[in-house]
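Inside the fold
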Amino acid sequence: MGSPATPTRASEASDDRTRARDEFGLERHGERRRRQLVEVAAHLIETEGPDAVRMARVAELAGCTRPLVYRYFPQREDLLAAVVSQFYEHLNALMSVEEHAQGLVALTDPDPDAAWAGARRLMEGAWDVTEQLGMGGLVLARSEIARSLAQRERADAESSETERRWFRPLRACGLSDVGCALALDCATSVTYSLMTQHRAGAITREEGVRLGFVSLRSLIRGLQAADAGRETPAT
C-alpha cells in the first residue's frame, strides 16, 4: 500500500478558509450574492412595488447576469418569498418562540403599564428590523402576492413560524383564527404606516413604537372581547 497523500497547499488553504469562516462567522461568496439579490428585490418592492421585481431588472441592479439570478432563485416567486422570509428571519432571531408568544400575550393585559412592559421588546424588535431591512418585506406581506405565497406555508401549518409565533399564543388568549389573521395583518399594516411617517420625519422611533403598541393592543383586546361575546349564549 502506498503512503497517504500529502495535503496540497491549495487544500490546506481551503481548510484554513473554512475554519476561519466557521470560527468568525464569515459568509461564503454565494451567501453574500444571494443576500444581495434579496436586498435588491426588497428595494425594488419598497420603491416601485412588487411588479417591478423582474429577474432582468434585479440582475441589472445587482451587477450580474440574469442566469446567475435564476441560479439562486429558479422562479420569481422564490425571490419574492425570500424577501418576506428575510424580514421574519431577522425578527425571529431576536427572540425565541416562547419570548415572542409572551410579548403577544402581554398585549391582552388589562393594565396598560404591565402590557407595555411585557410587549415592549417585541414591538421594538419589529420596528428595528423594519428600519434595518427596509419596508420591502412589509409591502409584500400586504399584497395579494404574499397571500398566494402563504399557500406554501399553510401546506405545513403545524410547523410554520406564523403558526407557532402568532396563531397559537393568540388562540390561547381566546381569539379565533379570523381574529389571529386580523391581528397579524394589523401588525404588518400599522408598522408600514408608522415607518412611513417616521421616514418623513413626522414621528420619532419612540413615538412609532408606542403608537404601534397602542394600535395592536386595542385591536387584540377588541377581538378578544368580540370572540368571547360570540361564544356566550344569548339570554
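Everything that follows concerns the structure shown earlier in this document.
Residues numbered from 1 in each chain as written. Predicted model: local features only at pLDDT ≥ 70, side-chain atom pairs only at ≥ 80, totals over all residues. Heavy atoms only, no water.

Turning next to empty space enclosed by the protein. One pass over the full model with this rule turns up one cavity of 30 Å³ or more. Estimated volume of the largest cavity: approximately 260 Å³. Taken together, 21 residues make up the lining of the largest cavity; nearest its centre are Ala126, Trp166, Ala187, Thr188 and Thr191. The set of elements that each furnish at least two residues to the lining of the largest cavity consists of helix H5 (76-94), helix H7 (112-133), helix H11 (177-199) and helix H12 (205-231). In terms of residue count, H11 provides more of the lining of the largest cavity than any other element does, seven residues in total. (1 Å grid on protein atoms, 1.4 Å probe; cavity = no way out; pocket = protein on both sides within 12 Å on 5 of 7 lines; lining within 4 Å. Points joined across faces, edges and corners; volume = space filled by probe spheres on them. Helix = DSSP H or I, 4+ residues; strand = E, 2+ residues; numbered from the N terminus.)

This part takes up the pattern of salt bridges. Under the defined criterion, the tally for this structure stands at eight salt bridges. Arg199 is paired through a salt bridge with Glu46; the nearest N and O atoms lie 2.1 Å apart. Of the two residues, Arg199 sits in helix H11 while Glu46 sits in helix H2 (residues 29-48), which places them 153 residues apart along the sequence. Taking relative accessible area as the criterion, Glu46 reaches 27% and is therefore assigned partly exposed. (Salt bridge = Lys/Arg side-chain N within 4 Å of Asp/Glu carboxyl O. Buried < 20%, exposed > 50% of the residue type's maximum accessible area, 1.4 Å probe, protein only.)

Attention now goes to the layout of surface pockets. Approximately 170 Å³ is the volume found for the second largest pocket. Residue lining of the second largest pocket: Glu31, Arg34, Arg35, Val38, Ala82, Ser85, Gln86, Glu89 and His90, and that is the complete set. Of all elements in the fold, only H2 and H5 reach the threshold of two or more residues within the lining of the second largest pocket. It is H5 that contributes the most residues to the lining of the second largest pocket, five residues altogether.

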